[in-house]
Amino acid sequence: MRVVFNFDDQGRHRPGEFVPVLLVSGHVEALWVPSLLRKNGATGWVTDVELPTDTDLEYKYILLRGDGSVSWESEAIKLTIPRSSAGMELNSSYDDKRGVPVSISAPPARSTPVEKVSSKSADKMKNVLHTGWMTKCGARVKSWKKRFFILQDLKLSYYADPNKGGAKGDIVVKEIKAVKVGVLKSKNAGQQGLLVVTPKRNFAMFSDDEEQTQMWLNKFRELKIDVENVFDGKMLTALMHQQMPATAAPAATGGGPASTSPTGVLPSQHQVSSTTVSSTSTSTSTSTSTSTSTSTSTSTSTTPSSITTSPSTSTSPSTSTVPATTDPDVDNAFSENPVVILTTHDNKRLSSRPMLMRKNDSLGYYMATAKTSKKISHISANPNAIILWGKTDFTTSQYIETQVTISVTTSESTKKVAWQPSMSQYFSGPTDPNMAVLTLSIAKPSVINLSLPVLHMDYVEEARKISDVVILSTFSGNRMSSRPMKLQNHPEVGYHFLTHKGSKKLDHIAASPKGSLLIGNIGTGTKKFAKAKVELVATTDSEIIRKIWKDDYRQFGYTGVDDPNLVVLKVKFVLVTVVDMTVVPQTLQMGSMDAAYAENEIVILTTKDGRSFSSRPMLMRKHSVVGYHFITRKSTKKIAQITKSPGVEILVGKLDSTGSFVRVAAQAEVSDDPYIKTQLWNDSYRQFGYSGPTDPSMIVILLKIVSINETRLPTLKKEINMVPLHNAYAASPIVSLCTHCNSRISSRPMWMRFQEKYGYHFCTRRASHKLEEITSNPTVTVLVGKTDFSSTGYVQVTAKATISDDEATKISLWKDDYKAFGFSGPADPVFVVILLEITDISSSILTPSKIDMTPIDEAYAASPIVNLVTHNEKRLSSRPMWMRKHEELGYHFCTRKGSNKLAQIVAHPEVNILVGKTDFTTKLVTQLRANARADESPEMKRKLWKDDYTQFGFTGADDPNFVPILLTPLGVVTSKIGSSSPDMAPVDSAYGHSQIVKLSTHVGARISSRPMWMQYHPQTGYHFCTRRGSRKLEQIAVNSEVEIFVGDISFKSTGFVSFKATARIDETAELKSKLWKDDYKQFGYTGPEDTNLVLILLTPSSVDATKMNIAASPKLDMKPFDAAYAVTPIVSLSTHANNRIAARPMWLRHHAEVGYHFCTHKGTPKLQQIQSNPDVSLVIGSSGFDTKLFVKVQALAHIDESSEMKNKLWQSDYTAFGYTGPEDPNFSIILLTIQALEVTNLASTPVDISPIDSAYKTSQIVSLATHAGGKIHNRPMWMRYHKNLGYHFCTTKPSQKITEISANSDVYVVVGRTDIYSKGFVQAAARATISEEQHLKNDAWRDEYKAFGYSGPDDPKFVLILLQWTSVSHVAMPSPKQDTTLLDEAMAANPVVSLSTHDSKNRICSRFMMLLKNNDLGYYMTTHAGTPKLAQIKQELYVSMLVGSTEFTSSGFVQVDADVVIHEDQETKDKAWQSQFTSFGYTGPTDPAFVVMVLTPRAIKHTKLGKP
C-alpha cells in the first residue's frame, strides 16, 4: 500500500538548514528505510512509502543538522496498516514546546484512495512533472532508440509508444544517485547527453532540443537529484559503459543502514536500534540483490544501497569480490563518484585533471592512462600527488582529500589484470604499447566539509543602520576600482545604487558584472564589517526609476525621472560574510623560513607585471617589530610592479647544489614613511649610495607573509643559451663583478677574458677582498654589456666562481698585457685565476619612452627598401636594406653572418635608418634612430623566417648564416625635401658680430653643446671643420638634426640668433681642398689631405631671431628690479624644458660689469634645462607679508664656465657651498640678459572680500579654475584661512595645477554652495603664487593634512598656493517660482510677522515686523539703517518668517523661507514709501536712515496648531 506522510514544521526551519527524515520500523527488516521528505508548500514536507498491508509498525520524524547531528525527533508513533488496496495519508505537525507530533490523523483506508504504483493506465497521468521524447542507449546492445519519457515524483518511465502498450522500463526516483551532463563521444551520439546514475545501471540518453535538455535538468533538480557537469566526454562515455557493483556499499558505521541524508549516516541512536535487528543476520548478496537472514525473514529490495548487510561473500563465480580498504571514507567516496581529481607536481608547476578511478582485488585502486601523457612525465619527476574523491560540485557537503604515491607500470601482466572492456575506446587492448597503469599507495584521507554560502542579510541591514555609504569595488581586466556609493533599498526593486550614464563603473560592469561591497561597521566599538559578493545589473527602465525616485536626488545633478543620464544599478547579493578586523591572524610556522634566512640573507624576489614575472637577488633584512623587509630605490621597476600587483614570491636559502630552499608567498607593501625608514636604517646601506634614512630615493618594501613551503629542486643540468652573453661581451669586455658575503654586496669593474677551453674567467691578485668573499660564498653575479646612456640593455650572469692557482691553468690563460697590472708572469705567486661555471643568463632591456612610430609606418608603406647607416670608430657605412615588420617584434632586418654591418652593430649598436621613397617624387624623408641587436637563437630565427629569404641564398631558419637584427626605436625625425630655404639675414647679421658659435647636438635625452668656429663659403654655405673620431661626429651620425646659436654672446651683446639645420659629414678630397684654410694648421691639421680632417656641412631648416634684442628697442627701467633686489637677493628661478617646469630659490648676485647672475653646481638639472631652453623666469621681492612689492622678470640665461668669467665673479662666501675656488671644475656661472619685467604692487586698492567671508562660512570646499595653453581646468579644492597667510590652498608637488599656475598665475575661485538650496555664490578672481618657504608651510600646517599623505610641514611634496584677490562678485541663484496663495491669505489675517535671523555667533534672533506687498517690489519690509538685523541679514541674505494669527483660536500659520536683497537706492525707496512710515521717525523716502528689504520666498509651508 502507498502511504503518504505529511509533516508541517510551522515555518520554523529554513530549507538547507535542516533535513527532515522519516524513519519507519517494524518486524519486517525491509521497512528500515530512511526517507527524505520533500518541500510541499510554505511550511509543509511530504514523502510517500510503499508499505505491506496488515502490518504493525512504528514511525517517527527526525530533523538532522548539516553536520549529521539530531536537532529534534518526535516520539515513536504506532500504526497498523489495514488490509486494503487503497492508499493512506498521515498528517503530523511540529510543536516546539512539547517536541512531539500533534494532530495526528489516520483517515479510513478508503477515504483517501491512492492508486498503486503498478497501475499502467491512470498512473501515466498521476503526478506528472515532465514528458518528452529522448534517444536512449540500450542496456546490452549499445544501440540508440527513440523513447517517450514520463517523469513523475516517484519514477521515470520510458515507452516505445505512449499510446500503445506498457512501459519499456521504470527508473525509481529514489534510486537515482545523480544525473551527469556532458558531450557523449561515442560513434552513435556525439552531442550533449544525460547519464542517469542508479545502483543497478547507468542510463544514457539525449534530447534533440537543447531547451528540452535544460527543462529535464530543472525537473531533476526539483526532485533534489544532484546534477553534475562532466567536462570530459570520454569520461562520460566510460561511466555510461561502467558496470555498477552488484553488492551494496557497506554501511558507514556498524551494521546500520546507509543514509540518504547529506551527511551519509543516520544519527547514532538509530544506528544502534538498527543493529539490534540485523546484527544476528548473515546476509549473502547475489547479483539479484536478494538478502537472506538467519531470522528466516526474506525480502527483495529495489534499493540495494539501502540494504543492511554484513561483509558479503559472493555466491556467483562470475562476480569478483572487492576487498574492503583500510579506510571506509575512500570506499564511500569511490562508490558515490568514481571520477576523481588528480593533481601532480613536476617541481615547477601544478597540474590538475579529472580521472576515472578503478578498483579490483589484485591492484586495489588504480587508473589507466596513455604513456605519452603529460602526467607520466610529472609522476616520473615527482611521484607524490593529491586526489580529491567524491562529488566536487556545489551540491556536495563534503569531499575526501588523500595524499598518494603513484607507481607507473607498463608490464603486460599488470595491464591484463587492470583491463576492463570500457577501456577499448582509449586503447586497442591490454597489449597496447601506449597503455600505462597507475597504481596508488594511499595515505590517511582528510575529510573536508563544505557548506553552501548563506546570505546573512541581517548583517547588511545592521551595517546600513550605521552608514548607508558603502565601498563598491568593480573589476576590469586585472585592475580593481573602488569608490564610496550610497546603497539604497526599495521594497519592490530591492538593493540598488544610482549612477551617471558616463561613469567608469558602467564600463567595468559591462566587462564583468561581479563586484564586492564593504558595508559599515557592525556593532559599537568593534572592527567588524559586512563584506559581500554581488552581481550588478545596470538598467534605465523608466518604471524602476519612477519607483525609486526621490526629490533629494536632484542634489546629485539629476533633473528628474526622465533624466537620460540617470542609471540604476540593481544589486544581487551572492555571498555575505563578516570580516572581523579584531581577530588576530593565525600565526605561521616561521621556523623553516628563519632557518633558511640564517643560512643566506640574499634571497630571490619575484614580482609580477601582467603575465610576465621578474626575479632578482635582493638583500632581505629582519626587524624585531617590522619583520622581514627590503630596502630599495623608489624608481626601480619592482616598485611599479608591486604597486600594480602586491603579491610576491621569495626564495630563501642557499641555492647551491643541495637544491633545498623555502618558498615564501607574501603581500608586499611599499612604504615611504620617514618613521619606518628611520627605524629600519642601517649604516651598511650607505654602500648602496643612500645618504641616510631621509634620502628621498630610498623606499621600504614591507612583507606580510601568507604561506611558507619547503622545496627541494632536482639536480638537473640546465641548458644555457650563451648567445646573449657572447653579444654583450663583444660590446664591452669590462664587466661588473658582484660578490656577496656576510650580508654585504660588493661590486667592482673587472676585465673579463674568454678562452675556448676554460670559458669566461678573471685574473686577479691573491690578497684581494673578492677572493675572501668568493671563498665564503662562491655564487657571483656578473653584469655584461655597455652601461652608458647609449646602451639599451645588458646581460646578467649568475655563476659559481672557483679560485685556481694551478700552474698549467695560469700558463694557459696568461696574456702579456697583464704585466700592466704589475704581474711579472704566469709564475708570479700573487697571480690568481677566477674560473666561472655559468648557471644562469638573463637579459635586461632598458625600455625607452614610448615613441610615435606613425611617420615610420607611413614611410614604410611607401617603400620597404630603406637605407641603413652603421658606424665604427673610423668611418660611416651606408647600404640599402630590406626592412621587415613583425606584429610582435616590430621592425627588423635579416642578414648574413660575418657581414661588416654585424661587426659594426656589435661595436656600436646605435644605427640610423632612412625610410621612404628616396627618389625625386617624394617630399618627405623619415629618419629612424634605433639600437640594433643581433639574435641568433633558434626560436627567434624560426619566428622571423620567411620563404622569400631563400632568394638570398639562405636554406631555412636553421641556416647558421641566417642572422636576424632586431631594432629598439630611440627616435623618429621627419625632414622636408625641396622646401623653401629660411631667411638667413638674421644669421648673417649675427655672424658678422662673432664667428664663434655654439653647436648643440642631441642623442636621446642627452644634449651636448660646445663652442665651434663656423666658416662660410659662397658655394657650400655655413660649415664646420672637426677631427675624426670626435663625439659630435658620432652624435650627428645618429641624429643629423643640430642647432647653432650665433652672435656676440658676451654681456655687451643685445642677443643672438639660433637656427636649426641638418648636418652632413663629408670627407671627399675635392671638397676638403675647396674649403681648406691655412689657419686650420693651428688645430694640428697638416693640410686638406689630412685623414683626420672631416667637414660638417649645414642645410638650414629654420631660423629663430626672437632672442635678438634690437638696439632700437626701448631701454628697460631697472629701478623696480633694483628696489626689489634691495629687499632680498633670494629669488625664485623657473626653468622650462621638455614640457616640465621647475622652480627653485636662488641667491642672485650683481656685478658692476657683468650685471645680474647666479653661481651653481655643474651637474644640476637646471643647467641641462637652460641648455635646452635658455628662457627663464624670476620672481624677485620678499614673499613674506612685510612687503607688497614683487617684480616678475623674463630673461635669457647663458652658462659660462670660462676661467676669466669665474675669476671675475668669484666671492669668498661661495666656499660655504662647497666650492674650493674659482678654478673648481664644479663651479659654473649663469649669466642673465633681462628682456622684460612686470611690477606687481600688492599695496594697490584693496578688494572687498566680505562676500568671500560670508560664502566661506557655508562651505570651505570651493572650485578652483586654472587656465594655460588655451585650456581651462576646474577642480574642487579645500580652501583654508590663516591670519598671516589669508585664504590659501595646500597641494602636492608636482601636480597639474602647479604647472598651470607657473605658466599663468591668474585663477578663479567659486565660493559658497551651488546646489538647489543655495541662495547664491561668490565668484572671485585672484593671482596665485606657489610657495615652498618653510616658515609659511609651518604656519599653514594642520595635522588633518596627514590624511592626504603628507608626513609634516617639512614634506617636500607639501606646497602652498597663496591668493591675492583682484575682483569679487556675488552671483545670485534664481529662486524657484512659489505659489504665494497661502502667504497672501495669512497676510490678510495679520500683516505682522515674526522675522528670524542669525547673528555672528550663530544664535537665532527673532522680532516682529510688518510685511508689505505692492506691484513694483512684491514682498518687502522697511527698517532703520543702524539696526542689528541689517548686519545679520548682510551675512546670509536669508531670513525665516512666521505669518498668520498667533492667537489660540488660529488654525495654523504659514512658515516662509526667503532671500533678502537690501536696497538703499532712491528709486526703490520711492516705490516702497508709505505715509504711515512717518510714525516710525522717518522724514520721508529721502531719509538716509530709511532702508528697504525686498524678499523673494523660496519655500512656503502651512503648519497646523494642535489644541491646547
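Residues numbered from 1 in each chain as written. Predicted model: local features only at pLDDT ≥ 70, side-chain atom pairs only at ≥ 80, totals over all residues. Heavy atoms only, no water.

A. Examining the overall build of the protein more closely. Per the secondary structure count, the protein includes 30 helices and 83 strands. Burial statistics for the protein: of 1508 residues in total, 44% are counted as buried. In the protein, of all internal contacts separated by at least 6 residues, the share reaching a separation of at least 24 is 64%. Counting only carbon and sulfur atoms, one obtains 52% of the accessible surface of the protein, whose full area is about 78800 Å². (Helix = DSSP H or I, 4+ residues; strand = E, 2+ residues; numbered from the N terminus. Buried < 20%, exposed > 50% of the residue type's maximum accessible area, 1.4 Å probe, protein only. Contact = heavy atoms within 4.5 Å. Areas by Shrake-Rupley, 256 points an atom, 1.4 Å probe, with all protein chains shown as cover.)

B. The environment of Ile 734, seen in detail. With respect to the helices and strands, Ile 734 occurs in strand E42 (residues 734–741). Linking Ile 734 and Arg 753, residues 19 residues apart in sequence, is a C-alpha distance of 9.2 Å. Setting aside residues no more than four positions away along its own chain, Ile 734 makes contact with Pro 749, Met 750 and Trp 751.

C. Seen up close, the side chain of Asn 382. You can see Asn 382 is positioned in the loop between helix H5 (374–381) and strand E25 (384–389). Within the local environment of Asn 382, its side chain forms a polar contact with the backbone nitrogen of Asn 384, the two atoms lying 3.2 Å apart. (Polar contact = N/O pair within 3.5 Å; in protein donor to acceptor, adjacent residues only side chain to side chain.)

D. Structural context of the pairing of strand E74 (residues 1306–1311). Burial along E74 is one-sided: Val 1307, Val 1309 and Val 1311 are buried, and none of Asp 1306, Tyr 1308 and Val 1310, which face the opposite way, are. Examined bridge by bridge, strand E70 (residues 1261–1268) and E74 share four bridges and lie antiparallel to one another. What sits directly across from Ala 1265, in E74, is Tyr 1308. (Pairing = 2+ DSSP bridges.)

E. Quick look at the side chain of His 1023. Summarising the element assignment, His 1023 is placed in strand E59 (residues 1021–1027). You can call His 1023 buried: its relative accessible area is 2%. Reaching out from His 1023, the side chain makes a polar contact with the backbone oxygen of Gly 1021 at a distance of 3.0 Å. Those residues within four positions of His 1023 in sequence are excluded, and the remaining contacts are Trp 1013, Met 1014, Gln 1015, Tyr 1016, His 1017, Leu 1075, Tyr 1080, Ile 1096, Leu 1097 and Leu 1098.

F. Up close: the packing of aromatic side chains. According to the stated counting rule, one finds 53 aromatic pairs in the structure shown. A connected cluster of aromatic rings, assembled from ring pairs, spans Trp 1278, Trp 1341, Tyr 1345, Phe 1348, Tyr 1350 and Phe 1358. Its guanidinium or amino end placed over the ring of Trp 882, Arg 884 lies 4.2 Å from that ring's centre, counting from NZ or CZ. Over the ring of Trp 1147 we find Arg 1149, and its NZ or CZ is 4.0 Å from the ring centre. (Phe/Tyr/Trp six-rings, centres within 6.5 Å; stacked < 30°, edge-to-face > 60°. Lys NZ or Arg CZ within 6 Å of the ring centre and 35° of its normal.)

G. Structural context of the environment of Ile 650. Structurally, the position occupied by Ile 650 is in strand E39 (residues 647–652). Take Ile 650: its relative accessible area is 0%, and that puts it in the buried class. Placed 44 residues apart in sequence, Ile 650 and Thr 606 show a C-alpha to C-alpha distance of 6.2 Å. Setting aside anything within four residues of it in sequence, one finds Ile 650 in contact with Val 603, Ile 604, Leu 605, Met 620, Phe 630, Val 662, Arg 663, Val 664 and Leu 703.

H. A look at the confidence of the model for the protein. Across the protein, the average pLDDT comes to 76, with 75% of residues at 70 or higher. Segment residues 242–325: pLDDT under 50, and 122 contacts once partners within four positions in sequence are set aside and those in other chains are kept. Confidence drops under a pLDDT of 50 for residues 1049–1054, and excluding neighbours within four residues, the segment shows nine contacts in the predicted structure. (pLDDT = per-residue confidence, 0-100.)

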